Each structure stands twice: as structure tokens, then as C-alpha cells.
Amino acid sequence: VSTQSTGSSGINAEYGGTNVAQGTTVTTFCMSGYFIDGKSSYAGACTSTPDSCRKVTTSVGQNGYYTAGSNVQLTCTVETSDVIVVDQDSVCSWKKGDSFIGSTSQFSTPTTANTYECVHSLSSVSSSDSAAYSCVAVVSSTTDLGSKSEVASTSATLAVLTLTYDTAQKVEKLGASVQLTCTANMPTALSAILTFAWERDGVAVNSGVISEAYGTARDSVLTLSPLASTDSAKYKCLASYSNVGTITSSEKQVVVIHIATPIASTQVKVGASYTFTCDTYGVSQDIMWLEGTTPVQGVQTLDTVTDNVKRKTSELRLANLDSSKNGVSITCSMSGAAISGTVESIGVLNVYSSGWDTTQSEINASPGETKTLTLKADYYSNNAKWTSIVWFKDGNAIYSGVVNTSPLSGGVQDKTDTVLTVTSAKLSDAGYYSCVITYSDIGAVTSAASIFTVNGIVTGPSDSAGDRGGSVTFTAVVSGTSTTGFGTTVSWQKKSLSSGATYTNVQKEALHTTLPLSASHLP
């Protein structure tokens, strides 16, 4: 009960009432501190239920499920009746479970009449954010007749959907197996379809299969077997809930320890040099070279780390190779703390020579005699084959060999013998002979030339006449071995024209001249 002190205008006019004289008693409804004139012209719905004239209600949005990593905004909406005018003392607080969180904040300017809001933001939510959140609204209203605070509270439940995925680096050897497991929580109250997907370096690699349910979790397993060098990458799991959204895991790095370029078997000519290169990928690996079983020193040419993967390259440089290195295994071996045992790549060094057996550099035959020319190619290789053998006389092909379809015994063909037979030798068979052998791996190898000579007088001396007291020269052309070989003896004889005369040696004026083989192959 309250009375006006004067008859002048007062607060009743604010509520649509009329002024009364001093001393007049008026009756009002008292509703939580709000004084409302009881005149029937205003009372309306307040006549029977005065509380309906004062209304403060709250609601919290965003009630439900959210994927881990989402940004969630909880909004507390306060609605008041027309009677209540919210002042600056009205505040909003938030509780997580039974504990207050954050700081108290004021309401925003009404977006619609008598509607006020306050907001609590959660950034990148995780499983620890799953809880019941309450909005506690303290609404303060002040009028000329007094003030009153009204407290209202409501709550919302926030459930964060998460993934369990081991992101520790996984290191394995080439050819081994790796299983990646991703587990998503699946509340029984959530009516959603859960599907998995996997990505390798941002590219889809396989759709994961949901395992049998256990509790409120589901598994997806990605199996990499056997591991290839291309499996070295970063992997992540994606779980999609049909009516909520998708959760993406952090990346897990898989490192496949391997030698990028295997050591290849190679053919190198005697006297040449060769460099083997070992390019490795791993984690803190060391490189060692072996020549057979003997450690040898290599030269490191590269050592870099990219995304926690070490690339290390070493070279083994071999110079002035000889046939003693033929068939030697060359091994690149990598080891380290993250490697169980060693990873190796092995190649075989084949050292060949294009030299030929020179014991038959010069061959001599008598007319009608049969001779063989044998040339032996000193060639070293494991499992090499020759594909053709061709003989040449003075640069012209005269005979083709038969193609060999398999290596010699034991798979090793280190020397190739080829024989040319000259039957019933005649002077025209004399000349320079050579051979070309073509191999499947290194191509053609040409021998040095062998000189083939046939003993005989090609042309004898011709009749000659001369003046008494003058000189006469007789010339004969003969074929035989050169003076640098076994030597050919040439002698001259004469006899008189008298009947019954015999030849006698001519000791004087004898000439012995060696000429090179001419186009007619005659020395």
C-alpha cells in the first residue's frame, strides 16, 4: 500500500492511472516488487492472476552433438513482459555442470522488443567440453516506485564427438606391414550413420570399414601391406556423422625405410672407372659399403631432412678396374637406431676386356696346307651371351658365326673361342684376318688383325738381255712369313744355257726385300 504525497502528477500516470488527492488510500497488487495500479482500466489479465503481468524466461540454444574442433556458441535468450524494463544492472553468468565459468556479462541490446541475449563461446571444442551448460540470468528492473531483481536459469547439454588416433611417427622397412587404427566415439543416444575415410598426403586412399561396435566406439583400420616406397606419407582419418558433421584427425607420418635406387649389376671395361650411388630414405640412418665382404669407404653427397624423413646419399667410386674385380658383389647397407637389422641392396660388378689372344698374330702355310685361325676374346661377365660372330678378310665379311642361345657351363662366359679354317691354302688366301663378336650386354668387340701368309713364288724372274759389260736385274715376287716373324729365306741360282748344265747358287748381288701386304695380299 502506498499513497501519493501530493495531488500533482505522479507515477500512476506512467501506468495509465489517474491522480488522486492526498490522503486517499489506494490498493495495488504487489508482484515481486513491481507496483501496478489496480484500476480496472489497466488490470485486464492481471485482475485474476497478477503474476502473468511479469514475465522473465530464458532459453539456451545449441543443445546437442558437435564434432571435435568445432566452434560452438551458446546463446542465452531472455524474454520479459512489457511491464519489465531491463536496466544496466542485469547480468548473465554461465555454469559448466555445477561450476561457474568465464566472467559475468551484460545483456546485449534487444534485437526484438523485450528480448535480450548473452553469449558464451567455445573455440575448437574437445571431449573435455562435453557437459551440461547453464545460463543464469539476473534481470534487474528499476522504476520510480522501486527496483527488483529476478533470477532465471536454464541449461543445455553439449556432447563433443571425438576421434582417437595415434599420431606418433611409424617407421618400418620396405615390404613390411603397417596398420593404422582410428576410433570414433558413438553415443548410443545419437541417431546417426557413421562413415570413415582415409587420406594420404591429402588424397583419398581408401574408405575405412567400421568394425564391430564395442561400447560407444567404432574402429576403422587402414592396412598398408606390403609397404612400398610410395607409402612414405602423412595419413589422417576422417569420421563423418550423417546429421552432425565430420571430424578430421591430426596427421600420422609413416616412414618406409628403403634404398630408392637399388644397386644394379653393371659391366665395365678393364681400365675404366665406375661410380655406384646409394640413395636412402629413413630416420637417422648410416650407410656402409661392402666390396664382397670387405668394408670400403664411400663418399657422402647428400644429407637432408624433410618432414622428419632423412634422405642420405653416398657414392662408391672405383677407378682403373681390372679383371680381378670381375664378379665382385657391391653392397650398400643402411642401419640406424630406428632400423631393426639392416637394409641392403646388392649388385655385381662385371669387368670385361675387349682384348684378344695374340698367340696367332701371324700364321704361315704352305700351298695346299690346311690351317686354322683361332681367336679368343677375353670377356668377363656373369650370364652374358654373344649373339653373333663374323670373320673379316681385309675388311670384308667372309663368314658369320652361329648365334649362341645360352651361356657356357655355370652361367659364366668369360672367354669366347672362334675358329676359322682355311682348307688347302693357296696364295690368294693370304691377307689380314679379324673377327667381330657381338655380346648381348656390351655390343660389338673387334679383334686385332692376324696376318695369314702362304709360302710360294708368286711370279718368277723374266728373260732379260743386256749389253756386254752392263747390268741385268732379275725380279721375283714370293709369299711367306715376314722378317719379324719366323723369316723367309730367298736365294738365287743360275746355270748356263749349255746342255746338261746345273744350277749353282748366286752369292753375289742377292736381294731380300720385304714388302707390306698389298691389295693382292702378297708380301
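Rules used in this analysis
- Residues numbered from 1 in each chain as written.
- Predicted model: local features only at pLDDT ≥ 70, side-chain atom pairs only at ≥ 80, totals over all residues.
- Heavy atoms only, no water.
- Phe/Tyr/Trp six-rings, centres within 6.5 Å; stacked < 30°, edge-to-face > 60°.
- Helix = DSSP H or I, 4+ residues; strand = E, 2+ residues; numbered from the N terminus.
- Buried < 20%, exposed > 50% of the residue type's maximum accessible area, 1.4 Å probe, protein only.
- Pairing = 2+ DSSP bridges.
- Axes fitted to C-alpha atoms, helices over the stretch in contact; angles between N-to-C directions.
- Contact = heavy atoms within 4.5 Å.
- Disulfide = S-S within 2.5 Å.

J.: Mind showing me how you'd approach the packing of aromatic side chains here?
T.: To describe a pair of aromatic rings, one takes the distance between the centres and the angle between the planes. By the definition in use, this model includes 3 aromatic pairs. Relative to Trp-198, the ring of Tyr-165 has its centre 5.7 Å away and its plane inclined at 65°; by these criteria the two rings are edge-to-face. In this pair, Tyr-165 is assigned in strand 11 (residues 163–165) and Trp-198 in strand 14 (residues 194–200), connecting sequence segments 33 residues apart. Considered together, Tyr-165 and Trp-198 belong to a single accessibility category, that of buried residues.

J.: Hey, could you run me through the sheet that holds strand 13 (residues 178–185) in this one?
T.: Within a sheet, neighbouring strands are paired by backbone hydrogen bonds and run either parallel or antiparallel to one another. Strand order in this open sheet of 3 strands is 11-13-16, and the pairing throughout is antiparallel. The outermost strands of the open sheet, each flanked by one partner alone, are strand 11 and strand 16 (217–224). Averaged over all pairs of adjacent strands, the angle between their axes in this sheet comes to 20°, without regard to strand direction. Bridge count for strand 11 against strand 13 is 3 bridges, and the pairing is antiparallel. Its bridge partner lying in strand 13, Tyr-165 is registered against Cys-182.

J.: Please clarify how the pairing of strand 22 (residues 286–291) should be interpreted in this entry.
T.: Looking along a regular strand, one sees the side chains alternate between the two faces of the sheet. Here 6 bridges tie strand 22 to strand 26 (residues 328–335), and the two strands are oriented antiparallel to one another. Within the sheet, the bridge partner assigned to Ile-287 lies in strand 26 and is Met-334. Bridging between strand 22 and strand 23 (residues 294–296) involves 3 bridges; their strand directions are antiparallel. The residue bridging Leu-290 from the neighbouring strand is Pro-295, located in strand 23.

J.: What's the story with the environment of Val-436 in this structure? I'm lost.
T.: Within the secondary structure, Val-436 is located in strand 33 (residues 431–439). For Val-436, a relative accessible area of 18% puts it in the buried group. In this structure the C-alpha to C-alpha distance between Val-436 and Ser-447, which are 11 residues apart in sequence, comes to 6.3 Å. Not counting residues within four places of it along the chain, the set of residues in contact with Val-436 comprises Ser-388, Ile-389, Val-390, Phe-392, Ala-444, Val-445 and Thr-446.

J.: What am I meant to see in the side chain of Thr-162 here?
T.: Considering the arrangement of structural elements, one finds Thr-162 in the loop between strand 10 (146–161) and strand 11. The buried category is assigned to Thr-162, whose relative accessible area is 17%. Here Thr-162 is in contact with Ala-68, Ser-126, Ser-127, Thr-183, Ala-184, Asn-185, Tyr-241 and Ile-247, once residues within four sequence places are set aside.

J.: What is the right way to read the state of the cysteines from this model?
T.: Each disulfide consists of one covalent bond between the sulfur atoms belonging to two cysteines. In total, this model carries 4 disulfides according to the counting rule given. Across a sulfur-sulfur distance of 1.8 Å, Cys-278 and Cys-332 are joined as a disulfide pair. Of note, the bridge from Cys-278 to Cys-332 carries an S-S torsion of about -75° and is left-handed in sense. One end of the pair, Cys-278, is in strand 21 (residues 274–282); the other, Cys-332, is in strand 26, with 54 residues separating them in the sequence. The same class applies to Cys-278 and to Cys-332, which are both buried.

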